[in-house]
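One-letter residues, chain by chain:
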2 protein chains.
Amino acid sequence: MQIIDGGVTAAAGFEAASYAAGIKYQDHPDMALVYSTVPCRVAGTFTSNVVKAAPVQWDRRIVQAGTPVQAVVVNTGFANAGTGAEGLAICETEARAAAEALGLDNPDSVLIGSTGVIGGRLPMDRIRAGIEALAASRAHTKEAGTAASKAIMTTDTRNKEIAVSLEIGGKTVTLGAMSKGSGMIHPNMCTMLCYICTDAAISKELLQKALSADILDSFNLITVDGDTSTNDTVLLLANGLAGNPEISSEGADYDAFCEALRTVTQSLARRMAGDGEGATALIECRVEGAADKQAARTLARSVVGSQLVKAAVFGHDANWGRILCALGYAGVSFDPLQVDIALADGSEEFCLCRGGVAADYSEERATELLGREEVVILARMHQGEAAATAWGCNLTLDYVKINADYRS
Amino acid sequence: MQIIDGGVTAAAGFEAASYAAGIKYQDHPDMALVYSTVPCRVAGTFTSNVVKAAPVQWDRRIVQAGTPVQAVVVNTGFANAGTGAEGLAICETEARAAAEALGLDNPDSVLIGSTGVIGGRLPMDRIRAGIEALAASRAHTKEAGTAASKAIMTTDTRNKEIAVSLEIGGKTVTLGAMSKGSGMIHPNMCTMLCYICTDAAISKELLQKALSADILDSFNLITVDGDTSTNDTVLLLANGLAGNPEISSEGADYDAFCEALRTVTQSLARRMAGDGEGATALIECRVEGAADKQAARTLARSVVGSQLVKAAVFGHDANWGRILCALGYAGVSFDPLQVDIALADGSEEFCLCRGGVAADYSEERATELLGREEVVILARMHQGEAAATAWGCNLTLDYVKINADYRS
């Protein structure tokens, strides 16, 4: 498997487009289209929030029904959440317009993604015009994929795309993806949207199984602010154009596909955390020696989710007591006197706490490590063999400024 | 029942003292003593954090053993958490020193409270000198109680004390209390410390029962930052000097005591939330029509705990979508299309969202209501009859500044 240049259009048969429809703001692209020249099997994971945006309800119904899919239409500006029955009708109108513009028979072959303010109404005239412009300008080029990944940004400061290729059954299989997400990020599948397009031939059942397993150690292990969005959506579309023998049972080919998927999702997840609203540093927490895998995940996410740990990293303060405290309230049982806490410096470790009490360390060196763009915290629990890594970001003055102003 | 002037020394037989021991900072009081002239029954609730500070372990052992108690010694500066076996030895040293200075036979009659940085070592020479000074200067005066409530402050901007009196069996019973807490506040049975002193005669069993029930709707329904401290401690000391017939079974007298206790704890809890680090506004969320009491509590706390709701209140932005979102990820099932969200304006209501979708409201008026020092959010779930109220505070630039700098 190798990482290749490109994004959502990297796999065979996938096209993309972007357009400035003027939905909420002027002068920058705010709609994107992903299109496959042939029907795709699709797997999806969606927010666990009880309040589900209309596009989440629309997409989930189609994914569960197993309907083949050919297009995804995404807008920013408004989330189409908190819009009741009207919100769902809007999804249907969008899907019908896209089906018509793309020459598709079934509106259910069009998935919808929205992100932005909850509660506002989509300007349907602009959306309709946008859909027509997207359909007319779609292209199977790297540039079109990159432009689409920029069109779905809200408070993101960087676009996020990745592509990988691997060999399956003598054929080159490609996965290309894009995602957005910067605030209201605490996926418990996040306002994250992620679209992964592959030309692999793989059964619908294994496609969903691979995605559902994957997010437990990728998107579900990132957090920016602890707020689980109403719109979180990850879609994995597979159109089979790679021509590999169909992956229809678990084994080496399935494992290779899952490994490639993991490379895609962890890379995007990590970049979303690092690009959290106002963030100036990515915080990675690696928990080792936990009693079991779920405990390891819960502990790691508790540390990267702690407002006080995030503020300490912003202050370059080696306040390991806050890390120990966040482990302690995660809801996992352990012996505090067994816990070691360190900062990683490349492959070296810089110990802050050993056996639950302060280690003898240089504050100056700690401050230097905490000033980096990527701060890696190691927590060794000495309770078992399980490990997990979670990603978050520091809490900065800009986070507060952005979110005190966001809607207006 | 009536609220009276005073604090921790209001009830008969209770004395207090404060002292500037120079534990971490100079020039302001950092130690406090609460003392009862006769032995007390004591109830306590402590942090649910797996990492429990040494004083929490010390106090919990004594409360569980039922040992009569006569004194509580509290320091700020260091939390005596993350200090391992040495931390417990320090508690014992402090208790022995206090017992000696106060003429008590048993060190276990002395409870300990600490708050401040996790992981630092207490300067025992200064602590010992402080204990002697506290014992020598204790007094049954309102001024001594108020001074003690100031000595336990860390990042608190206001001291917190209250006293109430009621009649039980023809006798006047008094409850006086003080608390501190501003950051690392997410009590699950908070770094909150609260000491409640009453002269009521009440059985040890009912004292604990009253306190354990009370915190579910007082301290456990406040949050500042979602971080559950290693040191949270609430102690309720009863010395029986009011001379009322002992409350030894549930009934009218017990209910009257519980009501008075609730007045004390909710008042302090509300003030702690409003004095959250950097906060300029108290946020109160009243949930009505929830399916059951625990659902109501969980929903209310989710709203006041949402970083995005807190930032929106700081920005005076009527972003009701974030409120609906926070209800949605609380972990409670409900129908989003039944939810009404309003701001309270005294006894009037200002509706933002009706039936899960935007109501027609004036942004200008909403902004005005969100600019007040106390912002009251009403959420009607229409799922049942249960209600609960939780308290938090806005997320401000100063919160981040305080916590990026706190340890240094």
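Residues numbered from 1 in each chain as written. Chains lettered and ligands numbered in written order. Predicted model: local features only at pLDDT ≥ 70, side-chain atom pairs only at ≥ 80, totals over all residues. Heavy atoms only, no water.

> I'm lost on the pattern of salt bridges in this one. Help?
Between side chains of opposite charge, a pair can form as their charged atoms come close. Residues and elements named next belong to chain A. Summed over all chains, the structure comprises 40 salt bridges over all chains. The salt bridge involving E246 is made with R41; its shortest N-O contact spans 3.1 Å. When its relative accessible area of 35% is taken as the criterion, R41 is described as partly exposed. One salt-bridge network, held together by shared partners, links R270, E284, R286 and E374. (Salt bridge = Lys/Arg side-chain N within 4 Å of Asp/Glu carboxyl O. Buried < 20%, exposed > 50% of the residue type's maximum accessible area, 1.4 Å probe, protein only.)

> Would you explain the packing of helix α5 (residues 204–215) of chain A against helix α6 (residues 252–274) of chain A in this entry?
Describing two packed helices takes the angle between their axes plus the distance from one axis to the other. Residue and element names in this part refer to chain A. Contact pair α5 / α6: the axes reach a minimum separation of 10 Å and the direction vectors enclose 45 degrees. Between α5 and α6, the crossing angle belongs to the class labelled oblique. Once α5 is placed against α6, the crossing between them reads as right-handed. In this structure, α5 uses L206, L207, K209, A210, L211, A213 and D214 to contact α6, whose residues at the interface are Y254, F257, C258, L261, R262 and T265. Along the lines of polarity and charge, the residues of the contact of α5 with α6 split into 9 nonpolar, 1 polar and 3 charged. (Axes fitted to C-alpha atoms, helices over the stretch in contact; angles between N-to-C directions. Helix = DSSP H or I, 4+ residues; strand = E, 2+ residues; numbered from the N terminus. Parallel < 35°, antiparallel > 145°, perpendicular 65-115°, else oblique. Left-handed = near helix turned anticlockwise from the far one by under 90°. Contact = heavy atoms within 4.5 Å. Nonpolar A, V, L, I, M, F, W, Y, C, P; charged D, E, K, R; others polar.)

> How should I be thinking about the interface of chain A and chain B in this particular structure?
Accessible area lost upon the coming together of the parts serves often as the stated size of an interface. Counting residues at the interface gives 54 residues for chain A and 53 residues for chain B. Together chain A and chain B conceal approximately 4,300 Å² of surface at their shared face, both sides included; 62% is due to carbon and sulfur atoms. On the surface where chain A and chain B come into contact, there are 0 salt bridges. Linking chain A with chain B are 0 residue pairs in polar contact (both at pLDDT 80 or more), by the criterion used here. (Buried area = accessible area lost by both parts, 1.4 Å probe. Polar contact = N/O pair within 3.5 Å; in protein donor to acceptor, adjacent residues only side chain to side chain.)

> So what exactly am I meant to see when it comes to the sheet that holds strand β13 (residues 357–358) of chain A here?
Neighbouring strands of a sheet are bound in pairs by backbone hydrogen bonds; such pairs are parallel or else antiparallel. All names here are of chain A. Read from one edge of the open sheet, 6 strands run β13-β12-β11-β14-β10-β15, paired in mixed fashion. Sheet topology places β13 and β15 (386–393) at the edges, where each strand pairs with a single neighbour. Where strand β10 (residues 282–290) meets strand β14 (residues 374–380), 7 bridges bridge the pair, whose relative direction is parallel. Opposite I283, over in β14, you have V375 as the bridge partner. (Pairing = 2+ DSSP bridges.)

> Before we go on, may I ask you to explain the relation of the copies chain A and chain B in this structure?
Relating one copy of the chain to the other requires a rotation about an axis plus a shift along that axis. Between the two copies, chain A and chain B, the superposition gives an RMSD of 0.0 Å; the rotation angle is 180 degrees and the shift along the axis is 0.0 Å. Within this description, the copies of the chain are treated as partners about a two-fold rotation axis. For chain A, the smallest separation between a C-alpha atom and the rotation axis is recorded for L397 of chain A, amounting to 2.7 Å. A symmetric contact is evident, with 98% of the interface residues of chain A recurring at the interface of chain B. (Least-squares fit on C-alpha atoms with pLDDT ≥ 70 in both.)

> Help me out: how do you make sense of the confidence of the model for chain A in this one?
Parts of the prediction with low pLDDT should not have their coordinates interpreted in detail. On average, chain A scores 88 in pLDDT, and the residues at 70 or more come to 95%. At the level of chain-chain contacts, confidence expressed as ipTM amounts to 0.76, with global pTM at 0.79. (pLDDT = per-residue confidence, 0-100.)

> Help me understand the pairing of strand β7 (residues 171–180) of chain B in this model?
Along any regular strand, the residues point their side chains to alternate faces of the sheet. All names here are of chain B. In terms of burial, β7 is largely enclosed, as 8 of its 10 residues are buried. Inspection of the sheet shows strand β6 (residues 160–168) paired to β7 by 9 bridges, in the antiparallel sense. The residue of β7 that forms the bridge with I162 is A177. In this antiparallel pair of consecutive strands, β6 and β7, the connection spans 2 residues, and G169 shows a positive phi of 55 degrees. Bridge analysis of β7 against strand β8 (residues 193–198) gives 6 bridges, and the strand direction is antiparallel. Each residue of the ladder has a partner; that of A177, found in β8, is I196.

> When you look at the sheet that holds strand β10 (residues 282–290) of chain B in this model, what are you seeing that I'm missing?
Taken together, the 6 strands give an open sheet; going across it, the order is β13-β12-β11-β14-β10-β15 (chain B), and neighbouring strands pair in mixed fashion. Every other strand in the sheet has two partners, leaving β13 (357–358) and β15 (386–393) of chain B as the edge strands with one partner each.

> Explain the pairing of strand β4 (residues 69–78) of chain A here, please?
Residues and elements named next belong to chain A. Most of β4 is tucked away: 10 of the 10 residues are buried. Examined bridge by bridge, strand β3 (residues 31–46) and β4 share 6 bridges and lie antiparallel to one another. Counted as the bridge partner of L33 is V73 from β4. The pairing of β4 with strand β5 (residues 110–117) spans 8 bridges and is classified as parallel. In the sheet register, V74 faces β5, and the bridge partner there is G113.

> Sorry if this is basic, but what is going on with the packing of aromatic side chains here?
Aromatic ring pairs are described here by two measures, namely the spacing of the ring centres and the angle between the planes. Considering all chains together, one arrives at 2 aromatic pairs over all chains under this definition. Each ring, one from F350 of chain A and one from Y361 of chain A, has its centre 6.1 Å from the other, and the planes form 75 degrees; the classification is edge-to-face. Placement of F350 of chain A in strand β12 (residues 348–354) and of Y361 of chain A in the loop between β13 and α10 (363–370) is noted, with a sequence separation of 11 residues between them. Accessibility assignment for this pair places F350 of chain A and Y361 of chain A in one class, buried. Between R138 of chain A and the ring centre of Y35 of chain A, over which it is positioned, the NZ or CZ distance is 4.3 Å. Note that R61 of chain B overlies the ring of W58 of chain B, its terminal NZ or CZ placed 4.7 Å from the centroid. (Phe/Tyr/Trp six-rings, centres within 6.5 Å; stacked < 30°, edge-to-face > 60°. Lys NZ or Arg CZ within 6 Å of the ring centre and 35° of its normal.)

> Sorry if this is basic, but what is going on with helix α6 (residues 252–274) of chain B here?
Note: α-helices contain 3.6 residues per turn, so residues at a spacing of three or four share the same orientation. Taking 1.5 Å per residue as the helical rise, α6 of chain B with its 23 residues ought to reach 33 Å, and the 33 Å between its terminal C-alpha atoms agrees with that figure. Of the positions making up α6 of chain B, those classed as buried are Y254, F257, A260, L261, V264, T265, L268, A269, M272, A273 and G274 of chain B. (Expected span 1.5 Å × (residues − 1).)

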